[in-house]
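Spelled out, the chains give:
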Amino acid sequence: MTRTEVLPASPEAIERAAALIRNGDLVAFPTETVYGLGADALNARAVRRIFEAKGRPGDNPLIVHVSGLGQAQRLIRGALPEQAFRLAEMFWPGPLTMVFEKSALVPGAVSAGLNTVGVRMPAHPAARALIERSGAPIAAPSANLSGAPSPTSAAHVLHDLDGRVPLILDGGDCAVGLESTVLDVTRTPPVVLRPGGVTPEMIARAVGEVALDPHVMAPLADGDVPASPGMKHRHYAPEAELIVVTGGGRCVVSTILELSDAAAAQGRRAAILAREAHLSLYGDRTVVSLGADEGQAARALFAALRALDAEGMDLILAEGYGADGLGLALMNRLARAAAFHLIDTGED
Ligand code: TXA
Ligand code: MG
């Protein structure tokens, strides 16, 4: 059992964190998407400790975080593909991970046996300073226990990893709140494997065309081979049963009211995740606001799922979002958290 320290991400704390990374230890750190659990990406033993600390399946590869294009280049086999160069120019640093063919430098523990590697240049100043001060690219999955919602605050990380990591750098709440977009740039057009803050619309504007992996919004069927191993693992799941209700606004609200009251009649504790504008329509039922727009909902979603679990809810009923822009990322996380239990009520 390790003693876990939580320190504000000051220059001194980042210096200590960098020393831990250089020493082959783990550090949890803030990024603009979610908190990461980092280790020196070029140290296979350090990387294996990440899998142990999270209880992560060994076949799920890690994203490598870099602070510059030169550092990214060394992880990639051959020259940076033209479309990736454009995307890097437009969206790095930021919430975009690109999947490349990997160079011999990347340990098998990082890529989980694949011949590709996901690389991202984060925008959060503490993350960038940590990478620079460590002098190494940093492999980091989200800093939650495997299967739990990703952490968007230092308190979430402490809840999951207390005693499993020596240091958590506290950089406050994450600005995006959902994990990065994962984009396979070994194919043309590039393929979105996981939607995030850099939307398909933004990618299409940069490189003309983009494809969506079919499993972004549909479960894997028996025998399907996922393009991203993360697709097959249970994900983002709260302990409560979660149902997502989509369609026109009025139908969504009336369906949620029915389901909520039916649950209450059975003695189940139900909570509702709703848009700010709908709060009053749910009367005195337990409602958590996800805010006025999709950006606010992205920032609030994982914290809301954690808070409702802490309250021991049996059922969470969530309003759905449109599948464009950031809505696609929100729906991807909601659908997975709900194990694809979606109810489409149709239009108003
Ligand atoms: O925003 C983020 O991406 C955060 C912060 C810490 O950077 N990290 C994160 O990592 O969400 P993780 O490990 O929780 O999710 C990475 C996802 C997984 O679904 C994994 O399967 C996929 O990216 N992935 C990683 N490398 C891949 C590769 N070479 N090919 C396909 N998918 C890959
Ligand atoms: Mg994760």
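Residues numbered from 1 in each chain as written. Chains lettered and ligands numbered in written order. Predicted model: local features only at pLDDT ≥ 70, side-chain atom pairs only at ≥ 80, totals over all residues. Heavy atoms only, no water.

Draft legend 1. How the structure looks around the sheet that holds strand 15 (residues 315-319). Ordered by their spatial adjacency, five strands build an open sheet running 14-13-15-12-16, and the pairing between neighbours is parallel. Two strands lie at the open edges of the sheet, namely strand 14 (287-289) and strand 16 (342-344), each paired on one side alone. Taking the axes of each pair of neighbouring strands and ignoring which way they run, one obtains an average angle of 20 degrees across the sheet. Bridge count for strand 13 (residues 270-274) against strand 15 is four bridges, and the pairing is parallel. For I272, the partnering residue across the bridge sits in strand 15 and is L317. On the sheet, helix 10 (residues 294-310) packs against strand 13, strand 14 and strand 15 and is oriented at approximately 170 degrees with respect to strand 13. (Pairing = 2+ DSSP bridges. Helix = DSSP H or I, 4+ residues; strand = E, 2+ residues; numbered from the N terminus. Axes fitted to C-alpha atoms, helices over the stretch in contact; angles between N-to-C directions. Contact = heavy atoms within 4.5 Å.)

Draft legend 2. Summary view of helix 4 (residues 82-91). Along helix 4, the residues that are buried comprise Q83, A84, L87, A88 and F91. Each buried residue of helix 4 lies within a common arc of 135 degrees when the element is viewed along its axis, so the set occupies one face. Among the exposed residues of helix 4, those oriented more than 90 degrees off its buried face are E82 and E89. (Buried < 20%, exposed > 50% of the residue type's maximum accessible area, 1.4 Å probe, protein only. Arc of directions from axis to C-beta.)

Draft legend 3. Region of interest: the site of ligand 1. Taken together, 27 residues form the shell around ligand 1, and within it T33, N60, H65, S180 and G230 come nearest. At 3.1 Å, a side-chain N or O of R120 approaches an oxygen atom of ligand 1. A distance of 2.5 Å separates an oxygen atom of ligand 1 from a polar side-chain atom of S180. In isolation ligand 1 exposes 680 Å². Once the protein is present, 97% of that is buried. Within the residue set of the shell around ligand 1, elements represented by two or more residues are strand 4 (63-65), strand 6 (116-120) and strand 10 (191-194). The element that contributes the greatest number of residues to the shell around ligand 1 is strand 6, accounting for four residues. (Near = heavy atom within 4 Å. Polar contact = N/O pair within 3.5 Å; in protein donor to acceptor, adjacent residues only side chain to side chain. Areas by Shrake-Rupley, 256 points an atom, 1.4 Å probe, with all protein chains shown as cover.)

Draft legend 4. Here's a closer look at the domain arrangement of the protein chain. Its domain assignment divides the protein chain into domain 1 (5-217) and domain 2 (241-344). Look at where the C-alpha atoms of domain 1 and domain 2 centre, and you get two points 28 Å apart. Of the roughly 1,800 Å² buried at the junction of domain 1 and domain 2 (both faces included), carbon and sulfur atoms supply 63%. Considering only the side of domain 1, the residues that lose the most area to domain 2 are P149, L178 and M217, jointly responsible for 36% of the buried surface there. The interface formed by domain 1 and domain 2 contains two salt bridges. (Domains from an automatic or database assignment. Buried area = accessible area lost by both parts, 1.4 Å probe. Salt bridge = Lys/Arg side-chain N within 4 Å of Asp/Glu carboxyl O.)

Draft legend 5. Molecular detail of the environment of R86. Here R86 lies in helix 4. Not counting residues up to four positions away in its chain, the partners in contact with R86 are A206 and V207. At a separation of 2.7 Å, a polar atom in the side chain of R86 contacts the main-chain carbonyl oxygen of A206.

Draft legend 6. Spotlight on the pattern of salt bridges. Per the counting criterion, the structure on display carries eleven salt bridges. Among the salt bridges present, the one from R133 reaches E15, with a minimum N-O distance of 3.0 Å. Taken together, the residues R133 in helix 6 (residues 125-134) and E15 in helix 1 (residues 11-22) connect sequence positions 118 residues apart. Overall, the relative accessible area of 44% leaves R133 in the partly exposed class. Between R275 and E319 there is a salt bridge whose closest N-O contact spans 2.9 Å. Here E319 lies in strand 15 and R275 lies in the loop between strand 13 and strand 14, a separation of 44 residues in the sequence. Of the residues examined, R275 reaches a relative accessible area of 24% and is grouped as partly exposed. On the accessibility criterion, E319 (2% relative accessible area) is buried.

Draft legend 7. How the structure looks around the environment of A46. Secondary-structure assignment places A46 in helix 2 (residues 44-54). By relative accessible area, which is 1% here, A46 ends up buried. On a C-alpha basis, the gap between A46 and G24 in space is 4.8 Å, while along the polypeptide they are 22 residues apart. Non-local contacts of A46, meaning those with residues more than four positions away in its chain, are made with G24, L26, A39 and D40.

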